[in-house]
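Remarks on the overall topology
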Amino acid sequence: MYAGLGGQDPRGYGQPPQFSQYAAAAAAAAAANQAMGSPHGSYGNLMLPNAGAAGGNAGPDNGAFPPMQYPGMKPPGALQHQQHQQHHAQQQHQAQQQAHAQQQHAQQQQQQQAGGNDNIIDESQIYALVVEMLDPKLREQALLELSKKREQYDDLAPILWHSFGVMAILIQEIIGVYPLLSPATLSSNASNRVCNALALLQCIASHPETRALFLNAHFPLFLYPFLNTTSKARPFEYLRLTSLGVIGALVKNDSTDVITFLLTTEIIPLCLRIMETGSELSKIVAIFIVQKILLDDIGLSYICQTYERFYAVGTVLGAMVAQLVETQSVRLLKHVVRCYLRLSDNPRAREALRQCLPEPLRDATFSSVLKDDLTSRRCLAQLLINLTDNMM
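Residues numbered from 1 in each chain as written. Predicted model: local features only at pLDDT ≥ 70, side-chain atom pairs only at ≥ 80, totals over all residues. Heavy atoms only, no water.

On to the overall build of the protein chain, then. Within the protein chain, the secondary structure is distributed over 17 helices and zero strands. Across the 392 residues of the protein chain, 36% fall into the buried class. When contacts within the protein chain are restricted to residue pairs at least 6 apart in sequence, those whose partners lie at least 24 apart make up 68%. (Helix = DSSP H or I, 4+ residues; strand = E, 2+ residues; numbered from the N terminus. Buried < 20%, exposed > 50% of the residue type's maximum accessible area, 1.4 Å probe, protein only. Contact = heavy atoms within 4.5 Å.)

Here it is in structure tokens:
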């Protein structure tokens, strides 16, 4: 033992004694501190005789005892240090998240600004292409580019209509193809070029601001020579289909003015011919136009006014039903059913349909075709009900 810890370690190790000796020394020191009125009341701050100035805290090299540590325990300062590190880590994580969010927000703003710039560039390109249409050398490419952008720029139709010389150029592109229709010498390149011009006319016909202007100028009449062709070559079929698209854009909005205008032209006979001999796509657009005419009261009254008109429409519809028994095209069949259903709303036509409605529409011939088309099945059922009601 170290007599009251007043002397140096007689072994000269400079290390704390064994635990039993250390505990005894700690007990003696505690008693001494209590007798002296030490505020510490413990041995945790007990100094060795060479511990430096009185009342000072010894450093690691001045002979002070290190605080006692038992296995599995951490000193009080270590716990506080760990909590401080955890708090600091949380702050860093929050700061990183905030910085990431700010970065994403900045990127979104940049993308929005880039999008706005793209819109400005597109608008400037539109005006540049319109100007290029005035140059015969640049016109073909300008027509192609504008036809591609007609779905991307909503105000293209007013720009085309109100731009100097543009509508005259489009008419020139159309009538310039007339000599190639008969004899049938229309090439694919010439067909593509005039179809690009027709695509711009379709844009004008479908826009609410230019539709009435387009109609009052009788522009659809310039397309009828294309609809009157009968060649099944691809350039002619593409030309007929695109021309039908322009008329379809007019009738799509259910305007009585459009129907009234079309009834003064030869649109119904032209559509009936295509419904008989055209490709499936051309038949679909042509019968769509006839259906829209029938859905208007003026159009229904016009077709049912004379037996000849009703017979012409009924004959073509009957021929299409016979073809559909073989082709089983649901896209065509649903338009045929709707046309018959609308005709049954007219008393005179209803009496005629009771005698001439094709038998495949009366039996279950098309049940498998219409199994997934609930609306068309209901239309067909309503047609049969209309033809059986009020029978004498």
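With that settled, the discussion passes to helix H11 (residues 267-277). Along H11, the residues classified as buried are Ile267, Ile268, Leu270, Cys271, Leu272, Ile274 and Met275. Taken together, the buried residues of H11 touch helix H8 (224-227), helix H9 (234-251), helix H10 (256-263), helix H12 (280-295), helix H13 (297-303) and helix H14 (307-327).

Time to look at the pattern of salt bridges. Taken as a whole and assessed by the stated rule, the structure comprises eight salt bridges. In this structure, glutamate 173 and arginine 193 form a salt bridge, with 2.9 Å as the shortest nitrogen-oxygen distance. Taken together, the residues glutamate 173 in helix H5 (residues 166-175) and arginine 193 in helix H6 (residues 188-206) connect sequence positions 20 residues apart. With a relative accessible area of 10%, glutamate 173 lands in the buried category. (Salt bridge = Lys/Arg side-chain N within 4 Å of Asp/Glu carboxyl O.)

What follows concerns the packing of aromatic side chains. Counted under the stated rule, the structure contains five aromatic pairs. On the basis of an interplanar angle of 65° and a centroid distance of 5.8 Å, the ring pair of tyrosine 178 and phenylalanine 226 is categorised as edge-to-face. With tyrosine 178 in the loop between H5 and H6 and phenylalanine 226 in helix H8, this pair connects stretches of sequence that are 48 residues apart. Overall, the relative accessible area of 26% leaves tyrosine 178 in the partly exposed class. A ring pair is formed by phenylalanine 219 and phenylalanine 222, whose centres lie 5.9 Å apart and whose planes are at 50°; its orientation type is tilted. The exposure class of phenylalanine 219 is buried, given its relative accessible area of 5%. An aromatic cluster is defined as three or more aromatic residues linked by ring pairs; in this entry it consists of Trp161, Phe214, Phe219 and Phe222. The aromatic ring of tyrosine 302 is capped on one face by arginine 309, whose charged end is 3.8 Å from the ring centroid. (Phe/Tyr/Trp six-rings, centres within 6.5 Å; stacked < 30°, edge-to-face > 60°. Lys NZ or Arg CZ within 6 Å of the ring centre and 35° of its normal.)

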